[in-house]
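Residue-level structural notes
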Amino acid sequence: MLLLFSNHLVRKACAAWMLALSGAVQAQAPVDLSPVPAQLRPSGLPEGWQHGAFMEIFVRSWRDSNGDGVGDLRGLTQSLDHLQKLGIRGIWLMPITRSADGDHGYATTDYRDIEPAYGTLADFDELIREAHARGIGVIMDYVVNHSADTHPLFVQSQREPQGPYRAWYEWRQEHPQGWDIWGRDPWIQTHKGSYLATFGAPMPDFNLRHPQVVAYHQDSLRFWLNRGLDGMRLDAVPHLIENNAKDWNDQPESRQLTGDLTRLIQSYPGRYVVCEATAQPRAYANPEVCGGSFAFGLENKIVPAAKGDAKAIQEVVQYFVKAPHTLATFVSNHDQFAGQRLWDQVGGNEIHYKLAAATYLLLPGTPFIYYGEHIGMGGVKGLSDDPKIRGPLSWTPDPKNAGFTTGQPYRALASNLATHHVLGQMQSPHSIGFFYRDMLALRNSRVSIARGSYEFAQAQGPLMAYQRRFGHEHSLVLINYGEQAASLTIEGVAANAKLRPLYPAGRVQQLRMGQITVPAQSVHVFALEK
């Protein structure tokens, strides 16, 4: 009995010692590595909210609330009414965590705090509360693959090759040979070894085979989900794990890890996940991997279709015949490789602009509108590359600050500021802004358009038609990209079917021998009535 009691004391002492040692390691860590237990609560958003349109927002360029020339979370919170009136159902925040780059935010230095220029955690909490009060969900960019080279863990891993954080990053004592990622050697040589940096030296890759690294990201995801965040956009997921110089892109291990992270996020009720996977978006749209993925490859067909290219029209109309409806559609985003701002892609032609917008806003999938696109905002004057497409939002025609700030904007303003701004676009019924509002009103009022089937997709020259059903609701979408009116025989409906116009407004029409004539360069949406 005494021996058993002694063994019990020894076990208790060992457990206490291990707990103390773990606490000591946590205390010595240069950033918060503490475990974060899940706090699962029901979502306060309407069921199916994620099928509405999202706005991709670069907080730095959205709206400045304090006059320092840099956009911030309070500026976004103060303009939520604008997004609600537009019909937005979700917001994708580009990175808002502490970062080293002073711009895009993808070089993270602290995964559990807000970039100081954007505000505080209290500002974040207020944004979530106010967005939810308007029925708007909020997701944020989460960068799994890499941190900044000034992240305290990487700094320590470089300073102490024998230290506990060396294994958190992809370090090699000998410089690896034979690697080429996008035309460059991704291994950065230092006097203490070489580290992998897929996206450039300032952003070293984590070692995502290391259980502690994965646990750190899982805890950091829970940190934000526990605060009420509605999901994540997972950045660059095909690059999470590289096996060798040949097998570095989209490895099975990367898909497995992405699936694990997705399941963690979706263990919280009503959460949404969308992934960036440029080469194989359909594979990542699989529910076992990510569930949602951006429809890369479709975006570069939309503008040619809007300009009347028959081949592009055919490719667009056939895309969702086989593609999963969990893909996320878009026509441009914050990366130049996805295209210039839509205004510049169409050369300022507002007819082509509206046709391009309708093309992706009415198709299956979840549409993501790049901030400023809804007002026809052009690229930044005098800049090139990514900065050109990441300028301050034009709220007013004020040539000094565009209504973006009361101070000096941190970056030059849009090239078409004088004519395309929120103030003007939300007042004119013939504007791009009103057109976006009308298209989103269709998605928000017609469940068949938001998440219905995709049937009888057909293209004939410059004409595109398809039908969408959900339960008893049946919608018909017609787009004529050509410069002349054209007729089309509608498949799959009665030859004398009645069409109730949803957009634009008008009288009930009846097909004649299954045919309908569509005016030049126009969009028409009908309810098919029995």
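Parameters and conventions
Residues numbered from 1 in each chain as written. Predicted model: local features only at pLDDT ≥ 70, side-chain atom pairs only at ≥ 80, totals over all residues. Heavy atoms only, no water. Helix = DSSP H or I, 4+ residues; strand = E, 2+ residues; numbered from the N terminus. Rg over C-alpha atoms; globule rule 2.2 N^0.38 Å. Buried < 20%, exposed > 50% of the residue type's maximum accessible area, 1.4 Å probe, protein only. Pairing = 2+ DSSP bridges. Salt bridge = Lys/Arg side-chain N within 4 Å of Asp/Glu carboxyl O. Core = buried A, V, L, I, M, F, W, Y, C linked by side-chain atoms within 4.5 Å. Contact = heavy atoms within 4.5 Å. Disulfide = S-S within 2.5 Å. Polar contact = N/O pair within 3.5 Å; in protein donor to acceptor, adjacent residues only side chain to side chain. Axes fitted to C-alpha atoms, helices over the stretch in contact; angles between N-to-C directions. Parallel < 35°, antiparallel > 145°, perpendicular 65-115°, else oblique. Left-handed = near helix turned anticlockwise from the far one by under 90°. Nonpolar A, V, L, I, M, F, W, Y, C, P; charged D, E, K, R; others polar. Expected span 1.5 Å × (residues − 1). Domains from an automatic or database assignment.

A few words on the overall build of the protein chain. For the protein chain, the count of helices and strands is 17 helices and 21 strands. Whereas a compact globule of 530 residues would reach a radius of gyration of roughly 24 Å, the protein chain reaches 26 Å, a difference of no more than 12%. In terms of overall dimensions, the protein chain has C-alpha extents of about 95 × 60 × 50 Å along its principal axes. The buried share of the protein chain, reckoned over its 530 residues, is 56%.

For the rest of this paragraph, the subject is the sheet that holds strand β8 (residues 193–196). Picture the strands of a sheet paired through backbone hydrogen bonds; they go either parallel or antiparallel. A sheet is described by the order of its strands in space; here three strands give the open sequence β6-β8-β7, paired in antiparallel fashion. Edge strands, defined here as strands with exactly one partner in the open sheet, are β6 (171–172) and β7 (187–190). Looking at chain direction, β7 and β8 are connected through four bridges and run antiparallel. The residue bridging Thr190 from the neighbouring strand is Gly193, located in β8.

Tallied over the full model, the rule gives 23 salt bridges. In this structure, the salt-bridge partner of Arg233 is Asp141, at a minimum N-O distance of 2.7 Å. Of this pair, Arg233 sits in strand β9 (residues 231–234) while Asp141 sits in strand β5 (residues 137–142), and the two are 92 residues apart along the sequence. Pair check on accessibility: Arg233 and Asp141 agree, each one buried. With its nearest N and O atoms 4.0 Å apart, the salt bridge here joins Arg209 to Glu170. With Arg209 in the loop between β8 and α7 (211–225) and Glu170 in the loop between α6 (152–159) and β6, this pair connects stretches of sequence that are 39 residues apart. The buried category is assigned to Glu170, whose relative accessible area is 8%. Taken together, the shared-partner salt bridges in this structure form one network comprising Asp141, Arg233, Asp235 and Glu276.

All right, on to the pairing of strand β20 (residues 515–518) then. Residues Ile516 and Val518 of β20 are buried on one face, while the alternating residues Gln515 and Thr517, pointing to the opposite face, are not. Inspection of the sheet shows strand β17 (residues 486–489) paired to β20 by four bridges, in the antiparallel sense. Across the sheet, Thr489 pairs through a bridge with Gln515, a residue of β20.

The next thing to look at is the nonpolar core. Leu83, Met232, Leu234, Leu362, Phe368 and Tyr436 are the most contacted members of the largest nonpolar core, which has 141 residues in total. The residues contacting Met232, other than those within four sequence positions of it, are Ile139, Met140, Tyr142, Leu221, Trp224, Leu225, Ile265, Tyr272, Val273 and Val274. Ranked by size, the runner-up nonpolar core spans 15 residues in total, among them Leu476, Ile490, Val493 and Ala497.

Summed over the entire model, instances satisfying the criterion amount to one disulfide. A sulfur-sulfur separation of 2.0 Å characterises the disulfide bridge that pairs Cys275 with Cys290. Linking Cys275 and Cys290, the disulfide has an S-S dihedral of approximately 90 degrees and is accordingly described as right-handed. Taken together, the residues Cys275 in strand β10 (residues 272–275) and Cys290 in the loop between α9 (281–284) and β11 (293–294) connect sequence positions 15 residues apart. The exposure classification of Cys275 matches that of Cys290, with both residues buried.

By the burial criterion, the buried members of helix α11 (residues 310–322) are Ala312, Ile313, Val316, Val317, Tyr319 and Phe320. Residue Asp309 occupies the N-cap position of α11, its side-chain oxygen lying 3.0 Å from the main-chain nitrogen of Lys311.

The next thing to look at is the sheet that holds strand β15 (residues 463–470). Spatially, β14-β15-β16-β21-β18-β19 is the arrangement adopted by the six strands of the open sheet, whose pairing is antiparallel. The open sheet is flanked by β14 (455–460) and β19 (509–510), the only strands paired with a single partner. Strand direction decides the pairing type here: strand β18 (residues 498–503) and β19, joined by two bridges, are antiparallel. Bridging across to β19, Leu499 finds its partner in Gln509. Docked against the sheet, helix α13 (residues 350–361) engages β15, β16 (473–480) and β21 (522–529), running at close to 150 degrees with respect to β16. Contacting β16, β18 and β21, helix α16 (residues 432–445) crosses the sheet at an angle of about 125 degrees to β18.

At a minimum axis distance of 8 Å, the contact between helix α10 (residues 299–306) and α11 shows a crossing angle of 130 degrees. As the angle between them shows, α10 and α11 are arranged oblique. Along this stretch, α10 crosses α11, giving a crossing that reads as left-handed. On α11, the residues touching Lys301, Ile302, Pro304 and Ala305 of α10 are Ala312, Ile313, Glu315 and Val316. Of the residues that constitute the contact of α10 with α11, the class distribution is six nonpolar, no polar and two charged.

So, about the packing of α7 against helix α8 (residues 252–266). Remark: α7 packs on α8, axes separated minimally by 10 Å, with the N-to-C direction vectors making an angle of 30 degrees. If you check the angle between α7 and α8, you find them roughly parallel. Considering how the two elements wind past one another, α7 and α8 form a crossing that is right-handed. Contacts from Val214, Gln218, Leu221, Arg222 and Leu225 of α7 reach α8 at Leu257, Leu261, Leu264 and Ile265.

Here α13 spans 16 Å end to end across twelve residues, near enough to the 16 Å set by a 1.5 Å rise per residue. Buried within α13 we find His352, Tyr353, Leu355, Ala356, Ala357, Ala358, Thr359, Tyr360 and Leu361. Near the N-terminus of α13, the side chain that reaches the backbone nitrogen of Ile351, with its oxygen 3.0 Å away, is that of Asn349.

Before going further, it helps to spend a moment on the domain arrangement of the protein chain. As far as domains go, the protein chain holds domain 1 (49–145 + 211–445), domain 2 (147–207) and domain 3 (452–527). The gap between the C-alpha centroids of domain 2 and domain 3 is 56 Å.

What follows is about the side chain of Thr329. In this structure, Thr329 sits in strand β12 (residues 327–329). The exposure class of Thr329 is buried, given its relative accessible area of 0%. Only 3.4 Å separates the side chain of Thr329 from the backbone oxygen of Tyr360, close enough to count as a polar contact. In this structure, Thr329 is in contact with Leu298, Phe320, Tyr360, Pro364, Thr366, Pro367 and Phe368, ignoring residues within four places of it in sequence.

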